[in-house]
Amino acid sequence: DGRCVFGTTVTLVNLVDDSEIAYKIVGEDEADIELGKISCYSPIAKALTGNEEGDKITVKAPKGDILYEILEVQYI
């Protein structure tokens, strides 16, 4: 239904520096940040889950909050 869930690939834009990044939400054993695969238990995946394209999310990171906008949600 267009929402971020386990298995989706999500393209984000960092609203502070306008950089784009894509992540696939996967299980803990599959996670590999270098391949763009993040654990469904990670802070960013938890913040993404249930949101959809156009939504803005705040991720609590060790260096401070990061504000993203969801550009695209793909089921691939």
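The structure this text deals with has already been given above.
Residues numbered from 1 in each chain as written. Predicted model: local features only at pLDDT ≥ 70, side-chain atom pairs only at ≥ 80, totals over all residues. Heavy atoms only, no water.

**Details of the environment of valine 26**
Here is step 1 of the chain: Position of valine 26 relative to the elements: it lies in strand β2 (residues 20–26).
Here is step 2 of the chain: The spacing of valine 26 and lysine 37 is 11 residues in sequence and 6.3 Å in space, taken between C-alpha atoms. (Helix = DSSP H or I, 4+ residues; strand = E, 2+ residues; numbered from the N terminus.)

**Some remarks on the sheet that holds strand β3 (residues 37–39)**
Here is step 1 of the chain: Sheet architecture is open: 5 strands sit in the order β3-β2-β1-β5-β4, paired in mixed fashion. Only two strands of the sheet have a single partner each, and these edge strands are β3 and β4 (56–61). Within the sheet, the average angular offset between the axes of one strand and its neighbour, ignoring direction, is 45°.
Here is step 2 of the chain: Bridging between β4 and strand β5 (residues 64–74) involves 6 bridges; their strand directions are antiparallel. Within β5, the residue paired with threonine 58 across the bridge is leucine 67. (Pairing = 2+ DSSP bridges. Axes fitted to C-alpha atoms, helices over the stretch in contact; angles between N-to-C directions.)

**Here's the deal with the nonpolar core**
Here is step 1 of the chain: Grouped together as the largest cluster of nonpolar side chains are 14 residues, with contacts concentrated most on Val10, Leu12, Ile44, Leu48 and Ile70.
Here is step 2 of the chain: Of all the elements in the fold, those that place two or more residues in this core are β1 (9–14), β2, α1 (43–48), β4 and β5.
Here is step 3 of the chain: The residues touching isoleucine 44, leaving out its near neighbours within four places in the chain, are Leu12, Tyr23, Ile38, Val59 and Tyr68. (Core = buried A, V, L, I, M, F, W, Y, C linked by side-chain atoms within 4.5 Å. Buried < 20%, exposed > 50% of the residue type's maximum accessible area, 1.4 Å probe, protein only. Contact = heavy atoms within 4.5 Å.)

**Details of the environment of serine 39**
Here is step 1 of the chain: Looking at the element boundaries, serine 39 is found in strand β3.
Here is step 2 of the chain: Residue classification places serine 39 among the buried positions, given a relative accessible area of 12%.
Here is step 3 of the chain: Apart from the residues lying within four places of it in its own chain, the contact partners of serine 39 are Val26, Gly27, Glu28, Ala31 and Ala45.
Here is step 4 of the chain: For serine 39, the side chain forms a polar contact with the main-chain nitrogen of tyrosine 41, separated by 3.0 Å. (Polar contact = N/O pair within 3.5 Å; in protein donor to acceptor, adjacent residues only side chain to side chain.)

**Some words on the pattern of salt bridges**
Here is step 1 of the chain: Applying the stated criterion across every chain, the model contains 2 salt bridges.
Here is step 2 of the chain: Between glutamate 52 and arginine 3 there is a salt bridge; the shortest N-O distance is 3.7 Å. Note that glutamate 52 is positioned in the loop between α1 and β4 and arginine 3 in the segment before β1, a separation of 49 residues in sequence.
Here is step 3 of the chain: On the accessibility criterion, glutamate 52 (29% relative accessible area) is partly exposed.
Here is step 4 of the chain: The partly exposed category is assigned to arginine 3, whose relative accessible area is 34%. (Salt bridge = Lys/Arg side-chain N within 4 Å of Asp/Glu carboxyl O.)

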